[in-house]
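Each chain, letter by letter, is given below.
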Amino acid sequence: MYNSKITGLGYFVPENVVTNDDLAKVMDTNDEWIQERTGIKERRHVVKGGDTTTTMGVKAAKIAIERAGIDKDDIDFIVFATLSPDYYFPGPGVLVQRDLGIKTVGALDVRNQCSGFIYALSVADQYIKSGMYKNILVIGSELHSHGLDMTTRGRSVSVIFGDGAGAAVLSREEDTSKGVLSTHLHSEGQHAEELSLIAPGMGKRWVTDIIDENDPNDESYFPYMNGQFVFKNAVVRFSEVIMEGLKANDLTPADINMLVPHQANLRISQFIQKKFGLGDDQVFNNIMKYGNTTAASIPIALTEAWENGKIKEGDLVVLAAFGSGFTWGSAIIKW
Ligand code: UT7
């Protein structure tokens, strides 16, 4: 019997900072509205011709591999979570295998949006627990900015999302009281269209380039979100899936040292914090700086929390996410 343990973490965000005031120059919005409703002050956007979902993932992965103290040739498997792949196919997993020069190991792409990193972690954890693999590279990366409607029409979605990547190396742990204790995954496809992008494929182009050539009124190339409906479901499902994970391990909210929620909206994190009676030092938030980076948000936040010394050996760390699908999940980790 083995457990899996996070042995290395890394993140990468593009240099280009886009403030709320910057957005107010191109659409009818303002800093006060965005901060009040979401907590976001700024986010990062890749400039045209710059990084891609894959290259950001590779940069985060290099840091995670180095911190894990292993060589790229020790990686047995790659799992890549994103909703914004460079190509419609193949997915970015194989591009990471190529760009990092890793030998011909398997590469799996996960398409679970905001819950993508939890799903990816869960898959990697099971491969390690079964004894099949020893070291797995798990990446969450997103390039939202090229695909957003940066006009007033798209403001309720476009102000929220940002670009970035996070990565973790999961390694075999022989002490089964440590590492990933359990993961819990759910879906409810009944609400698939409530947070969705119907038309495919953006690659290196800005989506507006494609639309201008065709029908400028076609909104199916832009993400759609029924914000209030998603918000209401998120607070319920976050709470449920955190409790499910704690109960499965005979734990209670009082046992949590650090909750790292998917950075969907600061109000959602604050709701969960209050509901579980957690202090400010028990919940990590960085949505203020990066916005919502979907599959990248948990590994970026987890890396920052760890770098800032907020996660220590022996801590109980809880990860939780909710998003498009709907899908949601949690991971209970003994650090
Ligand atoms: O990560 C995946 C999961 N995602 C989430 O969990 C997101 C969940 N939802 C939310 O975070 C919130 O619903 C939003 C932040 C997206 C929106 O906040 P809200 O409080 O639900 O606002 P709303 O959509 O009900 O809009 C309120 C008003 C509307 O105007 P009227 O109809 O009251 O005149 C909107 O047109 O705010 C307007 N509005 C804006 N105003 C300025 C919408 N977006 C903007 C904007 N700037 N960017």
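Thresholds applied
Residues numbered from 1 in each chain as written. Predicted model: local features only at pLDDT ≥ 70, side-chain atom pairs only at ≥ 80, totals over all residues. Heavy atoms only, no water. UniProt positions renumbered as here; feature names shortened; annotations may be inferred. Helix = DSSP H or I, 4+ residues; strand = E, 2+ residues; numbered from the N terminus. Contact = heavy atoms within 4.5 Å. Pairing = 2+ DSSP bridges. Axes fitted to C-alpha atoms, helices over the stretch in contact; angles between N-to-C directions. Domains from an automatic or database assignment. Buried area = accessible area lost by both parts, 1.4 Å probe. Salt bridge = Lys/Arg side-chain N within 4 Å of Asp/Glu carboxyl O. Polar contact = N/O pair within 3.5 Å; in protein donor to acceptor, adjacent residues only side chain to side chain. Near = heavy atom within 4 Å. Areas by Shrake-Rupley, 256 points an atom, 1.4 Å probe, with all protein chains shown as cover. Buried < 20%, exposed > 50% of the residue type's maximum accessible area, 1.4 Å probe, protein only.

1. A closer look at the UniProt feature "domain: Beta-ketoacyl-[acyl-carrier-protein] synthase III N-terminal" (unreviewed entry) in the protein chain
Here the UniProt feature "domain: Beta-ketoacyl-[acyl-carrier-protein] synthase III N-terminal" (unreviewed entry) sits at residues 108-189. This span, residues 108-189, is 22% helix and 37% strand, and a straight line between its end C-alpha atoms measures 22 Å.

2. Comments concerning the UniProt feature "active site" (unreviewed entry) in the protein chain
According to UniProt, the positions carrying the feature "active site" (unreviewed entry) are Cys114, His262 and Asn292. Look at the named residues: they lie 179 residues apart in sequence, but the longest C-alpha span between them is just 8.8 Å, so in the fold they bunch up. As for its placement among the helices and strands, cysteine 114 is situated in the loop between strand S5 (106-110) and helix H5 (116-129). If near-sequence neighbours (up to four positions away) are discounted, cysteine 114 is found in contact with His262, Thr294, Ala295, Ala321, Phe322 and Gly323. With sequence-adjacent residues up to four places away left out, asparagine 292 is seen in contact with Ile40, His144, Ile160, Phe161, Gly162, His262, Gln263, Ala264 and Ile287.

3. Side note on the sheet that holds strand S1 (residues 3-12)
In space, the 5 strands of this open sheet follow the order S1-S7-S6-S4-S5, with mixed pairing throughout. A single partner strand is all that each edge strand has here, and the edge strands are S1 and S5. Shown here is a sheet whose adjacent strand axes are inclined to one another by a mean of 20 degrees, direction ignored. In the sheet, strand S4 (residues 77-81) pairs with strand S6 (residues 135-142) via 5 bridges, with the strands oriented parallel. If you follow valine 79 over to S6, its bridge partner there is valine 138. Helix H4 (residues 92-99) rests against S4, S5 and S6 of the sheet, and its axis sits at about 130 degrees to S4. In the packing of helix H11 (residues 297-307) onto the sheet, the strands contacted are S1, S6 and strand S7 (164-173), and the crossing angle to S1 comes to about 95 degrees.

4. Quick look at the domain arrangement of the protein chain
For the protein chain, the domain assignment lists domain 1 (3-176) and domain 2 (180-196 + 221-334). Of note, the centres of domain 1 and domain 2, computed from C-alpha atoms alone, are 16 Å apart. Taken together, the contact between domain 1 and domain 2 spans 54 residues of the former and 47 residues of the latter. Summed over both partners, the interface of domain 1 with domain 2 comes to about 3800 Å²; 63% of that surface belongs to carbon and sulfur atoms. On the domain 1 side of the contact with domain 2, Tyr11, Cys114 and Ile118 bury the most area, a combined 18% of that side's loss. The tally of links between domain 1 and domain 2 comes to 1 salt bridge. Here arginine 67 makes a salt bridge to glutamate 307, at a shortest N to O gap of 2.9 Å. On inspection of domain 1 and its partner domain 2, the count reaches 22 residue pairs in polar contact (both at pLDDT 80 or more).

5. Some thoughts on the site of the ligand
Contacts to the ligand come from 22 residues, most closely from Thr29, Arg37, Gln228, Asn265 and Asn292. The contact in question runs from a nitrogen atom of the ligand to an N or O atom on the side chain of threonine 29, over 2.6 Å. Residue glycine 227 places a main-chain N or O atom 3.0 Å away from a nitrogen atom belonging to the ligand. Surface burial for the ligand is 73%, taken as the share of its 950 Å² of free accessible area covered by protein chains. Every element with two or more residues in the shell around the ligand is listed here: helix H2 (31-38), helix H6 (155-158) and helix H8 (227-248). Looking at the shell around the ligand element by element, the count peaks at 4 residues for H8.

6. What to know about unusual backbone geometry
Across the junction of phenylalanine 89 and proline 90, the peptide omega takes the value -5 degrees, indicating a cis bond. Looking at the element boundaries, proline 90 is found in the loop between S4 and H4. Cis rather than trans, the peptide bond between glycine 325 and phenylalanine 326 has omega equal to -15 degrees. Relative to the elements of secondary structure, phenylalanine 326 occurs in the loop between strand S12 (316-323) and strand S13 (327-334). The backbone of threonine 294 sits at a positive phi, close to 40 degrees, despite the residue not being glycine.

7. Side note on the pattern of salt bridges
According to the stated counting rule, one finds 13 salt bridges in the structure shown. Across the pair lysine 5 and glutamate 173 runs a salt bridge whose closest N-O atoms are separated by 4.0 Å. Taken together, the residues span a long stretch of sequence, with lysine 5 in strand S1 and glutamate 173 in strand S7 at a distance of 168 residues. A salt bridge links aspartate 99 to arginine 98, with the nearest nitrogen and oxygen atoms 3.3 Å apart. You can call aspartate 99 partly exposed: its relative accessible area is 38%. Several salt bridges share partner residues, and in doing so they unite Glu188, Arg237 and Glu240 into one network.

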